[in-house]
Amino acid sequence: MPVQTSKPRFVKIAVPCPLYKTFDYRLPATFGDRAIQPGVRVRVPFGRQKLIGIVIEEVSSSDVPANKLKPVTAVLDENNLLGDDILKLLLWAARYYVHPLGDALQTALPVFLRSNDDATPALNEYWRLTQPATEEIQQSLKRAPKQQQLYQLLHAAAEKGLDTDALNARIENWRAPLRALLEKQLIESFTRPALLTSQNKSHKAPTLNDEQIEAIKNIEAHRKQHAVHVVNGITGSGKTEVYLALCEAMLADGKQILVLVPEIGLTPQLTQRFLERLNASIVILHSAMNDKQRYAAWHAAANGQARLVIGTRSSVFTPMPDLGLIIIDEEHDGSYKQQDGFRYNARDLAILRARNRNIPIVLGSATPSLESLNNINEQRYHAHFLKQRANKKPLPKIQLINLCSQKLYEGLADGLLAKIRQHLDAQGQVLLFINRRGFAPLLMCHDCGWTTSCQRCDAHMTFHKRRKQLHCHHCGSQRPAPENCDDCGSDNILAIGAGTERIEHFLQERFPQTQVSRIDRDSTRNKGTLQEKLDKAHSGESGILVGTQMLAKGHDFPNITLVCVLDTDQALFSADFRAAEHLAQLITQVSGRAGRAEKAGEVLIQTHHPDHPLLQTLLHSGYPAFAKAALQERAAAGLPPIHHLVLLRCESVNASAAPAFLQQAADLAKQIELKDIDLFGPIPAPMERRAGRYRHQIMLQSKQRKNLHRLLNWWVPQLQQLPAARKVRWSIDVDPYDTF
Ligand code: ADP
Ligand code: ZN
Ligand code: ZN
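Note that this is a predicted model, so its numbers are computed, not measured.

So, how was this worked out
- Residues numbered from 1 in each chain as written.
- Chains lettered and ligands numbered in written order.
- Predicted model: local features only at pLDDT ≥ 70, side-chain atom pairs only at ≥ 80, totals over all residues.
- Heavy atoms only, no water.
- Donors = N, O, S within 2.8 Å, 3.2 Å for Na, K, Ca; no water.
- Tetrahedral: all angles 85-135°; square planar, octahedral: opposite > 155°, others 65-115°.
- Helix = DSSP H or I, 4+ residues; strand = E, 2+ residues; numbered from the N terminus.
- Buried < 20%, exposed > 50% of the residue type's maximum accessible area, 1.4 Å probe, protein only.
- Salt bridge = Lys/Arg side-chain N within 4 Å of Asp/Glu carboxyl O.
- Phe/Tyr/Trp six-rings, centres within 6.5 Å; stacked < 30°, edge-to-face > 60°.
- Lys NZ or Arg CZ within 6 Å of the ring centre and 35° of its normal.
- 1 Å grid on protein atoms, 1.4 Å probe; cavity = no way out; pocket = protein on both sides within 12 Å on 5 of 7 lines; lining within 4 Å.
- Points joined across faces, edges and corners; volume = space filled by probe spheres on them.
- Nonpolar A, V, L, I, M, F, W, Y, C, P; charged D, E, K, R; others polar.

Q: Give me the coordination of the zinc ion (ligand 3): which residues, what numbers.
A: Only C454 (SG), C457 (SG), C472 (SG) and C475 (SG) from the protein coordinate the zinc ion (ligand 3), and they sit 2.2 to 2.4 Å from it. Geometry at the zinc ion (ligand 3) is tetrahedral, judged from its four donor atoms and the angles of 106 to 113° they form at the metal. In primary sequence terms, the donor set of the zinc ion (ligand 3) follows C-x2-C-x14-C-x2-C. Here C457, found in the loop between β20 (442-445) and β21 (462-464), pairs with C472, found in the loop between β22 (469-471) and β23 (478-480); they are 15 residues apart in sequence, far enough to count as distant. For the pair C457 and C472, one class covers both residues: buried.

In structure tokens, the structure reads:
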């Protein structure tokens, strides 16, 4: 056989590691002269490991001497599994967020593909009829009722068939009759990914109101081209109906749809409504799925079998060849921003994805982010308003309760307790919000003033009474709650302040006839508990609900007549520049939860500062007026969305290493002309020590994003070279969500 001496081929590979560069490898000679696509996964030797990397491009030469170049061990895929548009999006995002490319790609890839060479998804087994059901067949099964029952079920399921889960839910002991039907060749097994479809399309759309029709018409008129549509509708105004109508039209056009939600576990109702109403194969991507299931769902979206994907933040990277529409529900929600590692914002990347594909994107919210409102003001986004509640309930009355010099019971004012009594007596349901889990934020010795501070953070440890434990909510440390003071040994220990657990406890004592239910992360940790608690809230069995922000999201409790927000003062004076925006969003969202058809609901807000301009604007003129004022404040303070921010965060075990690194970084930056950029720092983070590390940061501010990027492109490669960089952990956060 003639020996082929082909030219060596070189590829640039993004390897999952924290370095800001790609690595050159040789393609093995066995690969021949086949073309290699960017995006294809390869196994490569990397140090002592064999990692899965991604081909970025083939190049004709390498700067690395040929004898030093290692060969790719194996080319794993024939095609780019991510699809060209996702690869392009990620290349852009890694540059924009100034994040190592290999790590960014890794974040977007399903976990299954990060570790398995073979990209074949595990499929579910289903059964269906082999031929149309005839009278004759039905007759032949008369004497085998179990077989007949199973046959009927499979007949009803038609082409889609039923899998093990579906059969378990519908019929007992089905294995034996299934075998019998298989032997008679009346049924057959087949495999496909576990797509969600509902047989029961009993739920019809309500007759839409004029505002809904108008919004749908205006968005549909431009459904074949890119535009960002903000559906700004008050809680209960029927935004979801607008989404569903748009989805129906898109599905009929043969398009796929991506729906992003903040948190799936918290909004089972939304998912349920999509299933009940749309005639489409739907997949849901959520954290409760194992890696195989998640990958099978991802794969079904990538090959077009799934027509609609509902998922959280990272689903923005799901390949969808026929994508025609993206919907982002609760677009103002902070969970769209990843807060560690690859710090991308899924909302912003979704908008870019829609622009790259020339398709529309819908951002829905009762309280749009200041970012989106600013874009509407600048006429980059289109606004569609839904101002009436779909069920014509009147909007609730909002009142402030001045806490100054009032007698308080575990932080609750007399007037508030009287209102709770009044609403319960009138068969109403009451919802109380407090954004603090646990029994009390700290324990204190009454004799010497010792407090339960965390040894690893500049923070107190929260007392959880039921579990008799102290938890640090910042680093996760736990220890048994002490019975005596660590300093003086006194047993005179006080619980200072109140969290959900204490308020639940107090209200249960105060209203013994009423069931009080607490809904927070601690009380819903076990599988199924959240659903159980939500069900009891819906049925009215629980008369009082005490919860954290978890409860504010997307739930519709028809019987709630009184909503109380307990801790506003913290947010009014927070160091977090978004705190006021969050408070205004919370108050507006929860207000929408109060009130039923017969009578207006009430909202009570406790504060020591009833004259605070934010509260006054919000109460008297509503969220849009608040947002306008807040945008002016942000402009004056040089903050987003009017100005742009970048944080260089740094932390170290040694107290001086982080500030030393940042000082060198700042000196470096000042060597070049900082055109229209303000540099602040190094300064300690608002919570300087967390989880045993000292945290400091530099903040960069500019009116122009491109100025910041010009600096970053020059600065970040140099930062890596600084000797001080080896003693610290540092990261860049472009468009940070908070400055902590
Ligand atoms: P949002 O998403 O804006 O909070 P939803 O779409 O969930 O609002 O609608 C709130 C409730 O009102 C739902 O139960 C929904 O079925 C109902 N609804 C929505 N639009 C209409 C309408 N045009 N007529 C009657 N009921 C409606
Ligand atoms: Zn003491
Ligand atoms: Zn801690």
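Q: So what's going on with the coordination of the zinc ion (ligand 2)? Residues and values would help.
A: Within the protein, C445 (SG), C448 (SG), C485 (SG) and C488 (SG) serve as the donor atoms for the zinc ion (ligand 2), at 2.3 to 2.4 Å. Note that the zinc ion (ligand 2) binds four donor atoms; their angles at the metal cover 104 to 115°, and the shape is tetrahedral. Along the chain, the residues that donate to the zinc ion (ligand 2) are spaced as C-x2-C-x36-C-x2-C. Of this pair, C445 sits in strand β20 while C485 sits in the loop between β23 and β24 (493-496), and the two are 40 residues apart along the sequence. Accessibility assignment for this pair places C445 and C485 in one class, buried.

Q: Please set out the pattern of salt bridges residue by residue, giving values where relevant.
A: Taken as a whole and assessed by the stated rule, the structure comprises 32 salt bridges. Two residues, D322 and R307, come together in a salt bridge whose shortest N-O distance is 3.1 Å. Within this pair, whereas D322 is found in the loop between β12 (308-311) and β13 (323-328), its partner R307 is found in the loop between α11 (291-302) and β12, the two being separated by 15 residues in sequence. Given a relative accessible area of 31%, D322 falls into the partly exposed group. D733 is the partner of R343 in a salt bridge, and the nearest nitrogen-oxygen pair spans 3.2 Å. Within this pair, whereas R343 is found in the loop between β13 and α12 (346-357), its partner D733 is found in strand β32 (residues 729-734), the two being separated by 390 residues in sequence. Exposure remark for R343: the relative accessible area of 11% places this residue in the buried category. Here the salt bridges share partners, and the residues they tie into one network are K337, R343, R649 and D733.

Q: Could you give me a rundown of the packing of aromatic side chains, with the residues and numbers involved?
A: This structure, assessed with the given rule, holds 16 aromatic pairs. Judged by centre distance (6.3 Å) and plane angle (15°), the rings of Y20 and W730 are stacked. Here W730 lies in strand β32 and Y20 lies in the loop between β1 (10-14) and β2 (23-26), a separation of 710 residues in the sequence. In this structure W730 comes out as buried when scored by relative accessible area, which is 19%. Ring centres of W92 and Y96 lie 4.8 Å apart, and the angle between their planes is 10°; on these two criteria the pair is classed as stacked. Of this pair, W92 and Y96 both sit in helix α1 (residues 84-96), separated by four residues, roughly a single helical turn. One cation-aromatic arrangement involves R34 over F31; the distance from NZ or CZ to the ring centre is 4.3 Å. Directly above the aromatic system of F385 lies the positively charged group of K387, at a separation of 5.0 Å from the ring centroid.

Q: Outline empty space enclosed by the protein, supporting the account with residue identities and numerical values.
A: Tallying each qualifying case throughout the model produces three cavities of 30 Å³ or more. By volume, the largest cavity is sized at about 40 Å³. Forming the walls of the largest cavity are I219, E220, R223, L246, A249, M250, L325 and P360. Taken together, the elements giving at least two residues each to the lining of the largest cavity come down to α8 (210-220) and α9 (239-252). Ranked by residue count, the leading element in the lining of the largest cavity is α9, at three residues. Its residues placed into classes, the lining of the largest cavity shows six nonpolar, no polar and two charged.

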